[in-house]
Amino acid sequence: MTTFQLTILFVGATFLLYAYIAWRSKANSTKDFYVAGGGVSPLANAMATAADFMSVATMLSVPGLVAAIGYDAAPYLIGPAGGFFLLGILIAPYLRKFGKFTIPDFIGDRYYSNAARTIAVVCAIFVTVTYLAGQMRGVGVVFSRFLEVSINSGVIIGAGIVFLYAVWGGMKGITYTQVAQFCVLSFAFLVPIVFLSILLTNSALPWFSWGGTTAGENVFLLDKLDGLNEEFGFKAFTAQGKHTIDLFCISLTLMVGTAGMPHIIIRYFTVPKVRDARKSVAYTLLFIGIVFTATAPLSAFARTYMLEALNGVAYADVPSWFKTWEETKLLAFNDLNGDGIIQFVGGAANEIKIDFDVTFLAIPQIANLSNWVVALVAAGALAAALSTAAGLLLVISSAVSHDLVKKQIRPNISEKSELIIARICAAGAVLIGIYFGINPPSFIIETITLAFSIGASTFFPAIFLGIFFKKINREGAIAGMLVGLIFSLSYIIYYQFMGGKEHGYWMNISAQGIGVVGMILNFIVSITVSRFFPKTPDQIQDMVESIRYPKGAGQAINK
């Protein structure tokens, strides 16, 4: 069978599986829609969380970024792992015991203020829409290449598929669909890496082999890759190019941003008990660790193949995959010297333009792997994009329907009406996702990292202080979130959309790392402002005290 036929078969089969699961897990109540009834097992929740987090960025953009800039991409691998550690220790168990549906729900009740709740809704929408843009762009890239449609058409098709099972099943349907998607995406991610490892190092263990010697040569793979990069005018793969402060800030932003991501935190509201929340985080760390630790080897293998396969080849003799990717406009050849020979080099003489986001999709063909591997990669990439997009849609719909409509505008609304509004909001979120998927602010990983910056500067401080500092009052929390949001958003907008240049970075910190500064400002403002206003009411302090102690931890969500 051809690659196209196998892709249609694999993608079609997985989509039918997702639709069947969503149908069987249809949400019949708001509790089902928001938190899957609160009865998901820790293992299933961990697999769903891993699928939620291992988005299209993990499958497409991170490998491409690491392949392109090497050492400077280390924060994108280190930060998320630290984030889940923070989540398990400082956030998930306490929020699970609090027993609410959403992050704005916690913030509104903890800070006894609908204003705080509304600001949290606004922050949630900013974070999720930014994140959603990257996912929908990834869907478009995959559909464009493997189903032979335009990127814009791919975005629309993917959005329609997500809409069906997200709106149909809510969190209940999404959770069990994501369990299946985790199995698909992890298998699809690891299989080609193992094959590449065997081809390049004669070892089926890429986690170790990329530090060893290459097949048939007495040279270490990383030494060979450094030499190839330097030979063709690029920075050595293992050399540092970015400023150390920026690398540190991006790592920390991704860490605290992960611990403040609404679509990740909400997953720990779905397990029955606080102990289950802790178990779920531990399982999630194991699952994402297996995949994330394989990303660096994949990038090294891919970079080696690309440098050797593209340089010095006559354009007239390029393989079919090259021409296919050219049609998507994600790969382009510009014959600057008119000799018809491809030069993939650093500097002004470079004749190849490759979008970071296609590296993982293209490498199975570059390495001449079997057609079924290429098709499997397509199915896995779509599973990654769709799983995260579904979780994001739920955050947006629940923030509006539950935290705005139910909690503020129409407190007496019936459960049935609230469920209808939630589904309408999800439909609106799909339209927003389509727009930003077609008009993304940057390539996938940079777009998604902006969401982490906003999450780090708004949600993490508000949640952390709300759990561990009883005296933080509503005025302090509101001021802190506003300062964090306005500062980070202004910095991001200026440097991503208004032409700000790298040499103008404050203390060499990029837009991707500015979230840590916004977080610090949020902490300072929240603590300082709280001192000038009435203390937190005693009943709120008692509530905070109860969250931090084991008594009653086994109760399921009842609100």
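Residues numbered from 1 in each chain as written. Predicted model: local features only at pLDDT ≥ 70, side-chain atom pairs only at ≥ 80, totals over all residues. Heavy atoms only, no water.

Caption draft 1: Inspection of the packing of aromatic side chains at higher detail. Following the criterion strictly, the structure yields 22 aromatic pairs and no others. Ring centres 6.3 Å apart and planes at 90° place the aromatic pair phenylalanine 53 and phenylalanine 452 in the edge-to-face group. On the criterion of sequence distance, the pair formed by phenylalanine 53 in helix H3 (residues 42-53) and phenylalanine 452 in helix H18 (residues 444-468) is long-range, its members being 399 residues apart. As far as the burial class goes, phenylalanine 53 and phenylalanine 452 line up, both buried. Here the aromatic rings of tyrosine 495 and tyrosine 505 are separated by 5.0 Å at their centres, their planes lie at 70°, and the arrangement is edge-to-face. Here tyrosine 495 is found in helix H19 (residues 474-497), whereas its partner tyrosine 505 is found in the loop between H19 and helix H20 (515-530), with 10 residues between them in sequence. The class for tyrosine 495 is buried, based on a relative accessible area of 14%. Feature note: the residues Tyr94, Phe460, Phe464, Phe468, Phe469 and Phe523 constitute an aromatic cluster, connected by ring pairs. (Phe/Tyr/Trp six-rings, centres within 6.5 Å; stacked < 30°, edge-to-face > 60°. Helix = DSSP H or I, 4+ residues; strand = E, 2+ residues; numbered from the N terminus. Buried < 20%, exposed > 50% of the residue type's maximum accessible area, 1.4 Å probe, protein only.)

Caption draft 2: Looking closely at the environment of proline 192. Within the fold, proline 192 resides in helix H8 (residues 151-201). Since its relative accessible area comes to 0%, proline 192 is described here as buried. Taking the C-alpha atoms as reference points, proline 192 and phenylalanine 182, 10 residues apart in sequence, are found 16 Å from one another.

Caption draft 3: Inspection of the nonpolar core at higher detail. Formed by 170 residues in total, the largest nonpolar core has its most connected members in Leu95, Ile107, Phe189, Phe322, Phe459 and Ile463. Other than its neighbours up to four places away in sequence, phenylalanine 459 contacts Ile103, Ile107, Ala120, Cys123, Ala124, Val127, Gly260, Pro262 and Ile454. (Core = buried A, V, L, I, M, F, W, Y, C linked by side-chain atoms within 4.5 Å. Contact = heavy atoms within 4.5 Å.)

Caption draft 4: Representation of a nonpolar patch on the surface within the structure. A surface patch of nonpolar side chains, amounting to about 420 Å² of accessible area, comprises Ile493, Tyr494, Phe497 and Met498. Its place among the elements puts methionine 498 in the loop between H19 and H20. (Patch = residues over 30% accessible without salt bridge, like charges linked within 9 Å, V, L, I, M, F, W, Y side chains within 5 Å. Areas by Shrake-Rupley, 256 points an atom, 1.4 Å probe, with all protein chains shown as cover. Salt bridge = Lys/Arg side-chain N within 4 Å of Asp/Glu carboxyl O.)

Caption draft 5: Quick look at the side chain of arginine 117. Inspection of the secondary structure puts arginine 117 in helix H7 (residues 114-146). Residues in contact with arginine 117, not counting those within four places in the same chain, are Pro104, Asp105, Gly108, Asp109, Asp403, Lys407 and Gln408.

Caption draft 6: Geometry of the packing of helix H5 (residues 75-98) against helix H11 (residues 244-258). Interaxial distance between H5 and H11 falls to 7 Å at its minimum, and their mutual angle equals 35°. The handedness of the crossing between H5 and H11 is right-handed. Packed against H5, whose contacting residues are Pro75, Tyr76, Gly79, Pro80, Gly82, Gly83, Phe84 and Leu86, the element H11 presents Leu247, Ile250, Ser251, Leu254, Met255, Val256 and Thr258 at the interface. Its residues assigned to classes, the contact of H5 with H11 shows 10 nonpolar, five polar and no charged. (Axes fitted to C-alpha atoms, helices over the stretch in contact; angles between N-to-C directions. Left-handed = near helix turned anticlockwise from the far one by under 90°. Nonpolar A, V, L, I, M, F, W, Y, C, P; charged D, E, K, R; others polar.)

Caption draft 7: Geometry of unusual backbone geometry. Positive phi is not limited to glycine here, since methionine 507 has a value of about 55°. You can see methionine 507 is positioned in the loop between H19 and H20. Despite not being glycine, asparagine 508 shows a phi value in the positive range, around 65°. Within the secondary structure, asparagine 508 is located in the loop between H19 and H20.

Caption draft 8: The pattern of salt bridges, seen in detail. If you walk through the whole model with that rule in mind, you get 10 salt bridges. The salt bridge involving aspartate 105 is made with arginine 117; its shortest N-O contact spans 2.9 Å. One end of the pair, aspartate 105, is in helix H6 (residues 103-110); the other, arginine 117, is in helix H7, with 12 residues separating them in the sequence. On the accessibility criterion, arginine 117 (5% relative accessible area) is buried. Where lysine 224 meets glutamate 308, a salt bridge forms, and the shortest distance between an N and an O atom there is 3.2 Å.

All we've got here are geometric facts, nothing functional implied.
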